[in-house]
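Architecture at a glance
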Amino acid sequence: MSQKKIITVFGATGAQGGGVVRAILADKNSEFTPRAVTRDINSDKAKELAALGAEVVQADLAHPESVKKAMEGAYGAYCVTFFWAHFSPEQEAAEAKAMADAAKAAGVKHVIWSTLEDTRKLVPLHDDRMPTLMEKYKVPHFDAKGESDQVFRDSGVPTTYLLTTFYWDNMIYFGMGPKRGEDGELAITFPMGDAKLSGIGAEDIGKCAYGIFKKGSSMIGKTIGIAGEHISCADMAEELSEVYGEKVKYNMVPPAVFRSFGFPGAEDLGNMFQYYQEFADEFAELRDVEYAKELNPELQNFKEWLKDNVSKIPVG
Ligand SMILES: NC(=O)c1ccc[n+]([C@@H]2O[C@H](COP(=O)([O-])OP(=O)(O)OC[C@H]3O[C@@H](n4cnc5c(N)ncnc54)[C@H](OP(=O)(O)O)[C@@H]3O)[C@@H](O)[C@H]2O)c1
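Not measured: the values here are computed from a predicted model. Position numbers for residues count from 1 along each chain, tracking the sequence in the order it is written. With the structure being a predicted model, the display of local features is reserved for residues of pLDDT at least 70 and the display and counting of side-chain atom pairs for 80 or more, all residues being used for whole-chain, interface and lining totals. For side-chain calculations, the full set of non-hydrogen atoms in the structure is used, while hydrogens and water are omitted.

What follows deals with the site of the ligand. We call a residue near a molecule or strand as soon as one heavy atom of that residue lies within 4 Å of the molecule or strand. Every one of the 24 residues lining the ligand counts as a neighbour, but T13, Q16, T38, R39 and Y167 are closest to it. Between N or O atoms, a polar contact is any pair within 3.5 Å; within protein, one atom must be a potential hydrogen donor and the other a potential acceptor, and residues adjacent in sequence are included only when both atoms are from side chains. Here an oxygen atom of the ligand and a backbone polar atom of Q16 are 2.7 Å apart. Here a nitrogen atom of the ligand and a side-chain polar atom of D60 are 2.9 Å apart. Surface accessibility follows the Shrake-Rupley procedure with a 1.4 Å probe radius. Residue values consider only the protein chains on display as shielding. Coverage of the ligand by the protein amounts to 82% of the 930 Å² it exposes when considered alone.

If you want it as structure tokens, here you go:
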């Protein structure tokens, strides 16, 4: 039987958790072995992880007993919540609590909690530069995560708080890639002004998390922010132009216009980009690219990520 320490990975079939599972399995001498959590062990993605060598187990964050079972016997856990599966900050907070409680009950030695800022610390609800959403949030999918940091603290479970950031993969899976306008030209549209956007390739989040697990107990209680590069949207458009061999413009829109786009989550994302834009320095300061590279020597900047991923970006 394997003597390796088990890391329970939530969201294992998704971007962040998948990266954690693959990072552990890619290191043949790892002291760890991943336990991949999914709601459906028969899905293609779950089978892919099993074929790579992961233990695959069924659990649903909506069912705390299943979460407890997934944590049993684990040394570590990668905990991430799934806002876009339900659009509910309250449900996200409940998911975080289910994982913190289960980790505590199982005596897990090292949790990494994938979190983001509670934006209300810098933009209180009475600040009308951006609308309050769902009655008590500015950026619901950030705020519920930031608020849940306290849940992990209160649980007493040894935790590292991992501040993630904007995935460049949103160009592939979230419709944020270049689109051809009525003028026939390609453009990316962001409400970021001239500010730098802290971005990262999603796969690098998992690799950084693995670096944190390897560092072990010295990381407990710390907040670690990561990014692959802080880069303006104009510079991203330049890089895109180069790989496409045709001009890609940066279509700079105000956050209020982005909020009005009407797709599910547009207001949340409009507020998020406004926060990214207006607090770009504070945001970048918390995300040290050099340190992220120390955790994950393969960390990519935007140009490197683009080279590997350009063929996956749908050009609309
Ligand atoms: N996109 C970005 O730029 C960005 C940046 C920073 C943070 N985030 C945050 O990242 C989080 C999502 O992580 P991701 O991008 O890695 O996910 P993802 O790629 O969208 O994959 C979703 C994952 O959620 C799992 N899942 C959904 N509901 C579940 C439940 N009830 N119980 C157990 N597992 C469940 C799915 O697993 P199964 O279907 O296999 O069960 C799947 O692995 C969101 O909260 C988002 O706010 C996103």
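Here a salt bridge means any side-chain nitrogen of Lys or Arg lying within 4 Å of a carboxyl oxygen belonging to Asp or Glu. This structure, assessed with the given rule, holds 18 salt bridges. The salt bridge involving E147 is made with R120; its shortest N-O contact spans 2.6 Å. Here the residue E147 occupies a position in helix α6 (residues 140–155), and R120 occupies one in the loop between β5 (110–115) and α6, the gap between them amounting to 27 residues. On the accessibility criterion, R120 (17% relative accessible area) is buried. Because the salt bridges share partners, they merge into one network encompassing D118, R120, D143 and E147. Only DSSP runs of H or I covering at least 4 residues are called helices, and only runs of E covering at least 2 are called strands; the numbering of each starts at the N terminus. Relative accessible area decides the class of each residue, using a 1.4 Å probe on protein chains only: under 20% of the type maximum gives buried, over 50% gives exposed, and in between gives partly exposed.

Attention now goes to the pairing of β5. Buried residues dominate β5, accounting for six of its six residues. In β5, alternate side chains face the same way, and those of H110, I112 and S114 on one face and V111, W113 and T115 on the other are all buried. Pairing between two strands requires that DSSP report at least two bridges joining them. In this sheet, β5 lies alongside strand β4 (residues 76–79) in parallel orientation, the contact comprising four bridges. Looking across to β5, one finds that C79 is bridged to W113.

Count 3.6 residues to each turn of an α-helix, and residues three or four apart come out pointing the same way. One less than the residue count of a helix, multiplied by 1.5 Å, gives the span that helix is expected to have. The terminal C-alpha atoms of helix α5 (residues 89–106) lie 26 Å apart, and with 18 residues this matches the ideal 26 Å at 1.5 Å per residue to within 8%. Of all the positions in α5, only P89, E92, E95, A96, A98, M99, A100, A102 and A103 are classed as buried. Note on contacts: a residue pair qualifies if any of its non-hydrogen atoms lie within 4.5 Å across the two residues. Packed against the buried residues of α5 are α3 (64–71), β4, α4 (83–86), β5 and α6. Two residues or fewer past α5, G107 is found with a positive phi of approximately 70°.

Right, let's get into the side chain of T119. Relative to the helices and strands, T119 is located in the loop between β5 and α6. Setting aside chain neighbours within four positions, we find T119 in contact with K138, V139, F142, D143 and Y275.

Time to look at unusual backbone geometry. Note: most peptide bonds trans; most residues except glycine with negative phi. You will see that F87, though not glycine, has its phi angle at about 60°, which is positive. Positive phi values are uncommon outside glycine, yet E135 reaches one of about 75°. Within the fold, E135 resides in the loop between β5 and α6.

Two aromatic rings, drawn from Phe, Tyr or Trp (for Trp, its six-membered ring), form a pair once their centres lie within 6.5 Å of each other, and the interplanar angle then sorts them: stacked below 30 degrees, edge-to-face above 60, tilted otherwise. Across all of its chains, the model carries 25 aromatic pairs by this definition. Seen in terms of ring centroids, F142 and F283 are 6.5 Å apart; in terms of plane orientation they differ by 35°. Their pairing is tilted. Here F283 lies in helix α12 (residues 280–285) and F142 lies in helix α6, a separation of 141 residues in the sequence. With relative accessibility at 1%, the residue F142 sits in the buried group. Classification of F283 as buried rests on a relative accessible area of 2%.

This part takes up the pairing of strand β10 (residues 196–200). Within β10, four of the five residues are buried, which leaves it mostly tucked inside the rest of the structure. Two elements, strand β7 (residues 166–167) and β10, share two bridges in a ladder whose sense is parallel. Bridge pairing in β10 links F166 to G199. Bridge count between β10 and strand β12 (residues 229–232): four bridges; the pairing is antiparallel.

Relative to the assigned elements, S241 resides in helix α9 (residues 233–244). Looking at S241, its side chain comes within polar contact range of the main-chain oxygen of A237, at 2.7 Å. When sequence neighbours within four positions are dropped, the list of residues in contact with S241 reads E246, K247 and V248.

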